[in-house]
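Notes for the structure review
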Amino acid sequence: MNPMDTRGPDDFDHEQDGPGTGAAAPRKERDRDAVTPEIGARAAGLARTVQLVSGDFLLTVNPVDGSEIEPCPPGEIPGRPERQSAAERADRERALRPPVPAGPAAPAPVLLERGEERERLVRLLGRGRSVRLTGPAGSGRTVLLDAVAADCAQLAPDGVVRLSGHRRTPQELLHELYATVYRAPLHRPDRAGLLDQVREIGAVVLVDDLEFGGAALEELLAAAPECAFLLAATPEVAAPPAESHLEEVFLTGLGRSASLELLEQAVDRPLSDEEANWAGDLWFESEGLPLRFVEAGALLRQRDGLRGEGVPRDEFGLPVDEPSDVSVFSAEGREVPLPSLGEGAAPAAPLAARLGQAARETLRFAVALGGEVPHQAHLPALVGDTHADAALGELLGCGLLSPVGTRYRLAAGVLTQLEAAGYGEDAGERAHTAAQHYAWWTGHPSVTPERAAAEADAVLAALGALVPGGDPGHPATAVKLARSAAPAFAAGLHWGAWERALRIGSAAARLTGEVAEEAYFHHELGVLALCAGNVDRARAELEASIGLKGALSDKRGTVAGRRALALVEDRSGGPVVSGGRTPSGDEVPAARYEESQSPPAGVPAPPDTTPTVLIPGGVSPAKRTLFTGTRRNLVAAGAGAVLAAVLGTVVTLGATSGSDAPDKVEQRQSANEDATDPGLPADTPTPGAPSHGSGAGSTTPTPSRPGVPGTTPSSASSPGTTPSGEAPTPSGRPSGPSTSPGGPKPSSPGHASPTPKPSATKSSSPTPTPTPTPPTPTSPSPTPTESTPTTTGGSSSGTPPSNSASGPTTQSPASSPTA
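A quick note: this is a predicted structure, and the numbers were derived from the prediction, not measured. (Residues numbered from 1 in each chain as written. Predicted model: local features only at pLDDT ≥ 70, side-chain atom pairs only at ≥ 80, totals over all residues. Heavy atoms only, no water.)

Each helix and strand in the chain was counted, giving 26 helices and 20 strands. Burial status across the chain gives 39% buried among its 819 residues. Of all intrachain contacts in the chain linking residues separated by at least 6 positions in sequence, the fraction that spans at least 24 positions is 70%. Carbon and sulfur atoms make up 55% of the accessible area of the chain, which totals about 43200 Å². (Helix = DSSP H or I, 4+ residues; strand = E, 2+ residues; numbered from the N terminus. Buried < 20%, exposed > 50% of the residue type's maximum accessible area, 1.4 Å probe, protein only. Contact = heavy atoms within 4.5 Å. Areas by Shrake-Rupley, 256 points an atom, 1.4 Å probe, with all protein chains shown as cover.)

In structure tokens form, the structure reads like this:
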């Protein structure tokens, strides 16, 4: 029992005694469908997040909610990495070799007639020259690389580095070279940092199964000038540029004698004359490729097994389950003819027919996965046999598999031969079964990202076989597999597989209509593009993700996408959001580190105190973004405008602090300062009304308010009009005091009697709003003596206060008595 297990008796279906009774309670039957959500919840709770440093970004790989990216704090950016020791490099090299299959050990491959090529390669690499080794598939390039690696172990200070070029780009090979030489866990440098570190590596780099040439190959060589490369490729791969200083070494087939010797070593006995003649015909047909003679040796070993005395016989002495093509017997056992020349040229189907059931099922899964063979640890679950891991040894001994990096795949030509023999039937269903298994395995908490990255090729092959799929359920399984495998590939620093899994998952999500999963894949692709420095692609992917998440009302996902998009805009040099505003109602990402946080609706500009920015007339609209600035500039400008408004208010309050009646509180209406809008009418002055100073900062008595006792209702008047019964004057003021038609109205206690005020004079042409300035001292104007005005016969007498000539005076809205 697991000591960390906290499950109770109900989880183990144990019988429990009833409370207070000695009888056993009936066992509780738990529905399997009810247990499945609980298991899913536990698995989600165990989901792990991994933090990586990519360039100057801190990347948090979250398998549940999606990756988050932010600027890496200065204290967490790793310094220059240290080189691994020779012992650490040896341990890593052993870990990167293909696993040893279960069962009897297969004979080690022998290198024949390659001495001249071997010496030439070692000599060129010792001089620091890079070499391209070209040979057809099955010519023994991998065996030759193994021999050269042993000879060059002491040539370079960083030793020998073995890499696999199968489905790898130059960028991926450079990152693998960096990870092999340097000790930098959970750190993936950007391109500039990668080139800076790789430039200092001095090693002999052996790359097998290279799949690119031309300018890409020249880029790889130029990135590591201190390394000597040995690149093994087939003739179908593009040649290097003509100006490249790359040496070329071609591999041809073996001679007749060397081919017969290789066949004898494969069967571990001398060949008969009949077998030697058959091997000569095979040599002519295969042009001496070593792989064909390894497979031919497996055919002869199977023939020797069929001829032995161990063949089961019935009571009459006849073989049991005798094949139809065998009809000649002797006292020594079964007489089996030699394979035909066609079987020797295409031996995959005859060899597979005499293998065990688990080995044949493994071949069918390999055909369904496009030639990729699952790791031997997965074979028991896929095949349904607990001893299926031994099938890998059978296949390797027959020459049907070849090592590729850390795994095996079908040898050259075997996939085509097996498909012709019918091993591709039900390939879609087998790929679907493998995808379901890998979806569970990659998402299991016990599987490390490194293990998932090592199985990336088989996982990607299962994904590619399901999209587009003939069965409607295949794309849905592809979405699940991509959703669980992509975070593991990202955490394992296998970002080439990460990108391929995301793209296949995005295509599958579009087929199934799963909008939330499609938004997740677009977000991850945008984060990956941002880490790679491709800001245009990152912007497109993130905007697509934000749009999909907005349609789903996913607030949390939208905020994470906008944070990543803000980093994209910061890298591209543009504004975060057009106009410095965010859409109304949307959540604003939290401020990070030194970044200021803006209000949800942007920074409001004060109506009268916003500083005017003058732009030269010749500046194009594209260049005016220089004056707008980024979010911080907008926030700073808004803060300055608010500060100017506050200072203007303080100055105004200080100017009005010299009032003669500080205890008297009066209500006023503000006058509209717009020259084009008549606004509210201004009050007319009352003779003898108190005046609290003149010029800037002067105040006016309380305006008349309709419906208030002791006040006279007023009507709005437009500029250029006067109340009835008054003649206009050149100055725009009424010629006499205002009168009420109904005679004088008694003033109620606590209310001031109506006091006419002079209306503000407005010019016909609009003028710009003057910038608030501190009050300028002026000569005092005559102020009438404060007294209570006397109303006689419905008219009020008094002298209206004169306006200061030093500057414009703020007027209250004018109100005219009702005629």
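After that view of the structure, there is still more to cover.
Take the side chain of E541 next. With respect to the helices and strands, E541 occurs in helix α23 (residues 535-551). Nearest to the buried, unbridged E541 among oppositely charged side chains is R503, at 4.2 Å. A distance of 2.7 Å separates a polar atom in the side chain of E541 from a polar atom in the side chain of H522. Setting aside chain neighbours within four positions, we find E541 in contact with R503, H522, L525 and G526. (Lys, Arg positive; Asp, Glu negative; His and termini not counted. Salt bridge = Lys/Arg side-chain N within 4 Å of Asp/Glu carboxyl O. Polar contact = N/O pair within 3.5 Å; in protein donor to acceptor, adjacent residues only side chain to side chain.)

A complete count under the given rule lists four aromatic pairs for this structure. Plain terms: the ring middles of Y178 and Y182 are 5.3 Å apart, the flat faces sit at 40° to each other, and that makes the pair tilted. By relative accessible area, Y182 is classed as buried at 2%. Directly above the ring of F365 sits R430, whose terminal nitrogen or CZ lies 5.5 Å from the centroid. Over the ring of Y520 we find R483, and its NZ or CZ is 3.6 Å from the ring centre. (Phe/Tyr/Trp six-rings, centres within 6.5 Å; stacked < 30°, edge-to-face > 60°. Lys NZ or Arg CZ within 6 Å of the ring centre and 35° of its normal.)

With that out of the way, let us pick up the nonpolar core. Grouped together as the largest cluster of nonpolar side chains are 57 residues, with contacts concentrated most on L59, I69, L481, F489, W495 and W498. Among the elements that take part in this core, helix α20 (residues 473-491) stands out by supplying nine residues, more than any other. Leaving out residues up to four positions away in the same chain, W498 has contacts with L59, S67, A486, F489, A490, E524 and L528. Grouped together as the second largest cluster of nonpolar side chains are 29 residues, L177, A184, L210 and L221 included. (Core = buried A, V, L, I, M, F, W, Y, C linked by side-chain atoms within 4.5 Å.)

This paragraph deals with the pattern of salt bridges. A complete count under the given rule lists 34 salt bridges for this structure. One salt bridge in this structure joins E372 and R409, with 2.5 Å as the shortest N-O distance. Remark: R409 occurs in strand β15 (residues 407-410) and E372 occurs in the loop between α13 (357-368) and α14 (379-383); sequence separation between them is 37 residues. It is possible to trace a salt-bridge network through shared partners that takes in R167, E372, R407, R409 and D457.

Bringing the pairing of strand β5 (residues 131-134) into the picture now. Of the two faces of β5, the one holding V131 and L133 and the one holding R132 and T134 are both buried throughout. Sheet analysis places β5 next to strand β10 (residues 228-233), joined by four bridges and oriented parallel. From the neighbouring strand, R132 faces β10, where its bridge partner is L231. Alignment of β5 against strand β11 (residues 247-250), held across four bridges, turns out to be parallel. Its bridge partner lying in β11, T134 is registered against F250. (Pairing = 2+ DSSP bridges.)

Once that is clear, we can look at the confidence of the model for the chain. Across the chain, the average pLDDT comes to 74, with 61% of residues at or above 70. A low-confidence stretch, residues 576-630 stays under pLDDT 50, and its non-local contacts, those more than four residues away or across chains, total 63 contacts. With pLDDT under 50 throughout, residues 656-819 is counted as low confidence; its partners more than four residues away or in other chains account for 188 contacts. (pLDDT = per-residue confidence, 0-100.)

Moving on: the environment of A458. Within the secondary structure, A458 is located in helix α19 (residues 456-466). Considering only alpha carbons, one finds A458 and L369, 89 residues apart in sequence, at a separation of 6.8 Å. The contacts of A458, once residues within four sequence positions are left out, are L369, E372 and Y438.

Let us look at the sheet that holds strand β2 (residues 57-61). Ordered by their spatial adjacency, four strands build an open sheet running β3-β2-β1-β8, and the pairing between neighbours is mixed. Edge positions in the sheet fall to β3 (68-71) and β8 (187-188), since each has one partner strand and no second. As defined by bridge partners, strand β1 (residues 50-54) adjoins β8 across two bridges and the pair is classed as parallel. Pairing of S54 across the sheet is with R188, part of β8.

The next subject is the side chain of Q376. Mapped onto the elements, Q376 comes out in the loop between α13 and α14. Among the polar contacts listed, one links the side chain of Q376 to the backbone oxygen of V100, at a separation of 3.5 Å. Look past the residues within four positions of Q376 in its chain and what remains in contact with it is P99, V100, P101, A102, D389 and L392.

Further remarks concern the sheet that holds β11. The strand order β6-β9-β10-β5-β11 describes an open sheet built from five strands, whose pairing is parallel. Two strands lie at the open edges of the sheet, namely β6 (160-164) and β11, each paired on one side alone. On average, each strand axis in the sheet is inclined to that of its neighbour by 15°, with strand direction left out of account. When β6 meets strand β9 (residues 204-208), the two strands line up parallel, connected through five bridges. Looking at the pairing, V160 lines up with V204 of β9. Each of β6 and β9 touches helix α5 (residues 170-181); the most contacted strand, β6, lies at about 145° to it. (Axes fitted to C-alpha atoms, helices over the stretch in contact; angles between N-to-C directions.)

With omega at -10°, the peptide bond leading from V467 into P468 counts as cis. One non-glycine residue, L186, lies in the positive phi region at around 55°. By the element assignment, L186 lies in the loop between β7 (182-183) and β8. Of note, the phi angle at D268 is positive, near 60°, even though the residue is not glycine. Within the secondary structure layout, D268 lies in the loop between α8 (256-267) and α9 (273-286). D268 gets classed as exposed once you look at its relative accessible area, which sits at 70%.

This paragraph deals with the environment of L144. Tracing the sequence through the fold places L144 in helix α4 (residues 141-151). Between the C-alpha atom of L144 and that of R118, which follows or precedes it by 26 residues, the distance is 7.1 Å. Not counting chain neighbours up to four residues away, the residues in contact with L144 comprise L111, R114, E117, R118, L121, L133 and L251.

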